[in-house]
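This is what each chain is made of:
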Amino acid sequence: MAAGDKDEAFNSKFRYASTRLQALRPDRVVDAARLFLEDNENFDLAELVAKIDEYDRTHVSDLTRRRIIALFEGVPLATELEHVDFIKRVWPIADMPSPYEPDVFRSNPGTLEDAIYQHTVRNDDWTQQELLEFLGLLTCSQQQFFRFLQEVTDPIAQNPEGQAQLVKDINGHLRHDGFVLQVKRLMSGSPVYTVAQLQVGAPSDAAISATLQAFNPDAVHARWEAALQRRANNPEGAITLSRTLLEDVCKWIIHEAGETYEEKDDLPVLYRKLAGILNLAPDLHTEQVFKQILGSCQSIVESLGSLRNKISDAHSEGPLRVKPSARHAELAVNLAGTMATFLVSTWRFRQADRPMDGKTKS
């Protein structure tokens, strides 16, 4: 900024600074704020800079923030820390103003820390929603909101059981806006989480969705969408839905082909029946490469059934049962979606190739 003269040195420093800042381009003002924050802590200024930086980025909606706040209604913010100690890890409440204006009863309302002690420690007349809203969780920068999520799921704040459930519940809301709490590192064997942008599904996801939507939007496509949604935060459920998706596809095509199946038929039985209808059985082909490809398809279907029986949520856990991870679920869902698309596409091709007498050409 331009230097001041002798008279300005004795006048308001605020006026001196603001007059010169007004002459700067907005981006230069923001750069000046960043330089200031490198050597000085100022929560309000840091929030303003963060909101400017986040202006054109993907945002967590107000609805998602409200839903996450609602998770804490009637339960403590932290199981391993006093709630005021936890709050101080996220907000400088000793330097933040009270939410109350001065009046005849409160000539000096004090700080936000004073108000929190008064209404959550000495008295218990604030709900968790009111507390979090007074802290600014609905209006703060996304950076600050994510900081809260990371601190509230930290192993220092939560016991292992509480941490696992809280992460699952938060991700159930957060993923709708394209974000997820994921493990960043381990602290003495306990996961420490960070908020990351949710990876958009593989390019094939959209093509699979389009095919299954056109085939059967109410049952088959809905099952696929449910599997996609659980792929990241509920691996066991996603694996169960992978098998169910293929069972749905097999049953619908068998039905459309005018054939029948038994309700007790499991996935391998249904697939073998469908493979005969669609001419996909390896034994029906003489070309070795087709026999290998179709044999691999059959192996994938049988393996998905086995994976579901071993590590999905369809059976009792037991002491020795393997816990699936997100990568297991991604593999199962992607394989099931690809196979489902192949079966539907093959059936549509067979229908188009069917002559008027109803018999498929050889």
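Residues numbered from 1 in each chain as written. Predicted model: local features only at pLDDT ≥ 70, side-chain atom pairs only at ≥ 80, totals over all residues. Heavy atoms only, no water.

**Details of the packing of aromatic side chains**
Each aromatic ring pair is described using two quantities: the centre-to-centre distance and the angle formed by the ring planes.
Then, number 1: Throughout the structure, instances matching the rule amount to eight aromatic pairs.
Then, number 2: Relative to Trp-126, the ring of Tyr-100 has its centre 6.4 Å away and its plane inclined at 45°; by these criteria the two rings are tilted. Taken together, the residues span a long stretch of sequence, with Tyr-100 in the loop between helix H5 (83–90) and helix H6 (112–122) and Trp-126 in the loop between H6 and helix H7 (128–134) at a distance of 26 residues.
Then, number 3: The class of Tyr-100 is partly exposed, set by a relative accessible area of 24%.
Then, number 4: Here a set of aromatic residues connected by ring pairs shows up, and it is made of Phe-72, Phe-86, Trp-91 and Phe-148.
Then, number 5: When the ring centre of Phe-145 is taken as reference, the NZ or CZ atom of Arg-65 above it lies at 4.7 Å. (Phe/Tyr/Trp six-rings, centres within 6.5 Å; stacked < 30°, edge-to-face > 60°. Helix = DSSP H or I, 4+ residues; strand = E, 2+ residues; numbered from the N terminus. Buried < 20%, exposed > 50% of the residue type's maximum accessible area, 1.4 Å probe, protein only. Lys NZ or Arg CZ within 6 Å of the ring centre and 35° of its normal.)

**Structural notes on helix H12 (residues 235–256)**
Then, number 1: With 22 residues, H12 ought to run about 32 Å at 1.5 Å a step, and its terminal C-alpha atoms sit 32 Å apart, in line with that.
Then, number 2: Counting buried positions along H12 gives 18 out of 22 residues, so the element sits mostly inside the fold.
Then, number 3: Where H12 terminates, the next one or two residues include Gly-258, which has phi positive at roughly 80°. (Expected span 1.5 Å × (residues − 1).)

**A closer look at the packing of helix H2 (residues 26–39) against helix H3 (residues 43–53)**
Then, number 1: Packing of H2 against H3 leaves a shortest axis separation of 10 Å and a crossing angle of 135°. It follows from the interaxial angle that H2 and H3 lie oblique. The crossing of H2 and H3 is left-handed. Along its contact with H2, which presents Val-30, Ala-33, Arg-34, Phe-36 and Leu-37, the element H3 presents Leu-45, Ala-46, Val-49, Ile-52 and Asp-53.
Then, number 2: A class-by-class count of the residues in the contact of H2 with H3 yields eight nonpolar, no polar and two charged. (Axes fitted to C-alpha atoms, helices over the stretch in contact; angles between N-to-C directions. Parallel < 35°, antiparallel > 145°, perpendicular 65-115°, else oblique. Left-handed = near helix turned anticlockwise from the far one by under 90°. Contact = heavy atoms within 4.5 Å. Nonpolar A, V, L, I, M, F, W, Y, C, P; charged D, E, K, R; others polar.)

**Points about the environment of Ser-190**
Then, number 1: In this fold, Ser-190 is placed in strand E2 (residues 190–197).
Then, number 2: Beyond its immediate stretch of four places on either side in the chain, Ser-190 contacts Pro-155 and Arg-185.

**Structural notes on a nonpolar patch on the surface**
Then, number 1: The grouping of Val-289, Phe-290 and Ile-293 at the surface amounts to a nonpolar patch, some 270 Å² of accessible area in total.
Then, number 2: Here Val-289 shows up in helix H14 (residues 288–311).
Then, number 3: Take Val-289: its relative accessible area is 42%, and that puts it in the partly exposed class. (Patch = residues over 30% accessible without salt bridge, like charges linked within 9 Å, V, L, I, M, F, W, Y side chains within 5 Å. Areas by Shrake-Rupley, 256 points an atom, 1.4 Å probe, with all protein chains shown as cover. Salt bridge = Lys/Arg side-chain N within 4 Å of Asp/Glu carboxyl O.)

**With respect to a negative patch on the surface**
Then, number 1: A contiguous patch of negative charge, built from Glu-73, Asp-124, Asp-125 and Glu-130, is present on the exposed surface.
Then, number 2: On the secondary structure map, Asp-125 appears in the loop between H6 and H7. (Lys, Arg positive; Asp, Glu negative; His and termini not counted. Charge placed at Lys NZ, Arg CZ, Asp CG, Glu CD.)

**Quick word on helix H8 (residues 142–152)**
Then, number 1: Burial analysis of H8 places eight of its 11 residues in the buried class, which makes it a mostly covered element.
Then, number 2: Every buried residue of H8 is listed here: Gln-142, Gln-144, Phe-145, Phe-146, Phe-148, Leu-149, Glu-151 and Val-152.

**Topic: the packing of helix H11 (residues 220–230) against H12**
Then, number 1: Two elements in contact, H11 and H12, have axes whose closest approach is 8 Å; the angle formed by their N-to-C orientations is 165°. In this view, H11 runs roughly antiparallel relative to H12, as classed from their interaxial angle. Crossing angle aside, the handedness with which H11 passes H12 is left-handed. Where H11 approaches H12, its residues Val-220, Arg-223, Trp-224, Ala-226, Ala-227 and Arg-230 are matched on the opposing element by Pro-235, Gly-237, Ala-238, Leu-241, Thr-244, Leu-245, Asp-248, Val-249 and Trp-252.
Then, number 2: Broken down by class, the residue content of the contact of H11 with H12 amounts to 10 nonpolar, two polar and three charged.

**Side note on unusual backbone geometry**
Then, number 1: Of note, Ser-188 is a non-glycine position whose phi angle comes to about 50°, a positive value.
Then, number 2: Inspection of the secondary structure assignment puts Ser-188 in the loop between strand E1 (179–187) and E2.
Then, number 3: A residue is classified by how much of its surface remains accessible, and Ser-188, at 81% relative accessible area, is exposed.
Then, number 4: Phi at Asn-279 takes a positive value of approximately 60°, unusual for a residue other than glycine.
Then, number 5: Mapped onto the elements, Asn-279 comes out in the loop between helix H13 (267–278) and H14.
Then, number 6: Given the relative accessible area of 28%, Asn-279 is considered partly exposed.

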